Amino acid sequence: MKITDVEAIWLQLPVVDERCDGTQDTLIVRVHTDAGIVGVGEVDSSPMVAKAIIEAPLSHAIARGLRQCVLGQNPLDIAVLWERMYQGTIFFGRGGAAQQAISGVDMALWDILGKVLKQPVYRLLGGAFHTKLRAYASNLFGDTPQATYEQARRLVDQGFTAVKFGWGPLGKSEALDLELVRQARAGLGDAVDLMIDAGLAYDASTAIRRARQFAEFNPFWLEEPLHPDDLEGYARLTQASPIRIAAGEQETTLHGFAALLDAGLDVIQPDVARVGGISRAIEIGRLAAQRHRLCVNHSYKTGVSIAASLHFLAALPNASLLEYCVEQSALRQTLTRQRFPVVDGYVAVPQEPGLGVELDEEVVARYRVA
Ligand SMILES: [Mg+2]
């Protein structure tokens, strides 16, 4: 079996604005084989940048596009191909956008392997510790505390048992921060878990202060309050905080996650479409398991990322929650035929061979930019 082509498909809504919503565009990867089996993956990056990393022609031995790295190779040799992509992009890679782009190809390779073996991907990773994951509704803070309260009510009515609010106006002032979180908790009631995503809003001293102030509202975690490079700040914060600290969505490398664990993070959040795909997400999750920390996916893209997240989380003993983006954009809601419904607060792990997702080709055609 040989890889015959790698497609990088850039999809975008007609209007993209500055709000921190990653479902406004995406990059879908399709890996074609001479056996007629096609694998699908997704990249969370700047789509045009990642597309260039996939399609770039050979510049020299360690500066080649990912398509160049895998064409003509056996798609079932996933670890070997992952290394070929990593080594082939050393000159401009070793993290960042190159690692994000590798994610899409890697996901598609796992999809192919599952389809060939007629097994769901989680089984190829060692089997399912979980057949369903508890979904936490992931959304942005409302523009006002009142709007946040109303969003919280709506999400509880939809049956979620955990809800995260993030970014938006958080970080503008202490009074507004406290009011936003107060109204989020008021809207959810005491029985629903509340996560707070600070979206890089603070320095370490402010984050320590907020963690203590937010404790009154019993949040499940405080997420990404600091710049991702501020490991010293995270070490101070995790020592001082009375609540769990979560982070990792900006990290793309295994050693980056090891450093976050060293800094005392309680919850790490690899994004399977950023960290080098399923091959790396499972390694990162296992690293956290060895350190007795929780692993929760970061994911704010389409059904492809949801499926890939469900498979690697299913295969981890230290996972139980699924980040479940509730944005209403057409790419988030309609790109895959599978809609991953939330039933009694849980999303089922796909049981079909491979990732278990199928693209709606009409949606692909409608939003395809290049
Ligand atoms: Mg976040």
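Residues numbered from 1 in each chain as written. Predicted model: local features only at pLDDT ≥ 70, side-chain atom pairs only at ≥ 80, totals over all residues.

## Quick notes on the overall build of the protein
Point 1. The number of helices and strands found in the protein is 14 helices and 12 strands.
Point 2. Relative to the 2.2 N^0.38 estimate, which gives 21 Å for 370 residues, the radius of gyration of the protein is 20 Å and therefore close to what a compact globule would have.
Point 3. Its C-alpha atoms give the protein principal-axis dimensions of roughly 60 × 40 × 40 Å.
Point 4. Looking at the protein alone, contacts between residues at least 24 apart form 73% of all its contacts between residues at least 6 apart. (Helix = DSSP H or I, 4+ residues; strand = E, 2+ residues; numbered from the N terminus. Rg over C-alpha atoms; globule rule 2.2 N^0.38 Å. Contact = placed C-beta atoms within 7 Å.)

## Looking at unusual backbone geometry
Point 1. A positive phi angle, close to 65°, is found at His292, a residue other than glycine.
Point 2. Structurally, the position occupied by His292 is in the loop between α11 (278–290) and β10 (294–295).
Point 3. Residue His292 is classed as exposed on the basis of its 9 C-beta neighbours within 10 Å.
Point 4. We note that Phe340 has phi near 50°; this positive angle belongs to a residue other than glycine.
Point 5. Its location among the elements puts Phe340 in the loop between α13 (330–334) and β12 (346–348). (Buried ≥ 20, exposed ≤ 12 C-beta atoms within 10 Å, placed from the backbone.)

## Remarks on the pairing of strand β2 (residues 25–33)
Point 1. Bridge analysis of strand β1 (residues 3–12) against β2 gives 9 bridges, and the strand direction is antiparallel. Looking at β2, one finds that Ile9 is bridged to Ile28.
Point 2. From the end of β2 to the start of strand β3 (residues 38–43), which pair antiparallel, there are 4 residues, and Gly36 there has a positive phi angle of about 85°. (Pairing = 2+ DSSP bridges.)

## Observations concerning the domain arrangement of the protein
Point 1. Split into domains, the protein comes out as domain 1 (3–118) and domain 2 (124–359).
Point 2. Look at where the C-alpha atoms of domain 1 and domain 2 centre, and you get two points 24 Å apart.
Point 3. On the side of domain 2, 32 residues touch domain 1, which itself brings 34 residues to the contact.
Point 4. In terms of residues, the side of domain 1 that touches domain 2 owes the most to one element, helix α4 (residues 96–117), which gives 14 residues.
Point 5. Residues of the side of domain 1 that touches domain 2, tallied by class, amount to 14 nonpolar, 12 polar and 8 charged. (Domains from an automatic or database assignment. Nonpolar A, V, L, I, M, F, W, Y, C, P; charged D, E, K, R; others polar.)

## Some details on helix α3 (residues 78–88)
Point 1. Within α3, the full set of buried residues consists of Leu81, Trp82, Met85 and Gly88. Buried residues of α3, seen end-on, are gathered within an arc of 140° and therefore sit on one face of the element. Turned more than 90 degrees from where α3 packs its buried face, Ala79 and Val80 sit exposed.
Point 2. Buried-residue contacts for α3 involve α2 (66–70), α4 and α11. (Arc of directions from axis to C-beta.)

## Looking at the environment of Leu113
Point 1. Structurally, the position occupied by Leu113 is in helix α4.
Point 2. On a C-alpha basis, the gap between Leu113 and Asp197 in space is 36 Å, while along the polypeptide they are 84 residues apart.
Point 3. Not counting the four nearest positions on each side in its chain, Leu113 is found in contact with Leu76, Ile78 and Leu124.

## Some details on the packing of helix α10 (residues 254–262) against α11
Point 1. For the pair α10 and α11, the least separation of the axes is 10 Å and the interaxial angle reads 20°. Between α10 and α11, the crossing angle belongs to the class labelled roughly parallel. Crossing angle aside, the handedness with which α10 passes α11 is right-handed. On the side of α10, the interface is formed by Leu254, Phe257, Ala258 and Leu261, while α11 contributes Arg280, Glu283, Ile284, Leu287 and Ala288. (Axes fitted to C-alpha atoms, helices over the stretch in contact; angles between N-to-C directions. Parallel < 35°, antiparallel > 145°, perpendicular 65-115°, else oblique. Left-handed = near helix turned anticlockwise from the far one by under 90°.)

## A look at helix α6 (residues 145–157)
Point 1. Over its 13 residues, α6 runs 19 Å from end to end, which matches the ideal 18 Å to within 8%, given 1.5 Å per residue.
Point 2. All of the buried residues along α6 are Pro145, Thr148, Tyr149, Gln151, Ala152 and Leu155. The buried residues of α6 all sit within an arc of 165° when viewed along its axis, so they share a single face. Across α6 from its buried face, at more than 90 degrees, point the exposed residues Gln146 and Asp157.
Point 3. For α6, the elements touching its buried residues are β4 (132–140), β5 (162–166) and α7 (174–188). (Expected span 1.5 Å × (residues − 1).)

## A closer look at the sheet that holds β2
Point 1. Read from one edge of the open sheet, 3 strands run β1-β2-β3, paired in antiparallel fashion. In this open sheet, the two edge strands, each paired with only one partner strand, are β1 and β3. The mean angle between the axes of side-by-side strands here comes to 20°, regardless of whether they run parallel or antiparallel.
Point 2. The sheet contact formed by β2 and β3 spans 6 bridges and is antiparallel. Its bridge partner lying in β3, Val31 is registered against Gly39.
Point 3. Those strands touched by helix α1 (residues 47–55) are β1, β2 and β3, and its axis lies near 170° from that of β1.
Point 4. Across the face of the sheet, α4 comes into contact with β1, β2 and β3 while running at roughly 150° to β3.

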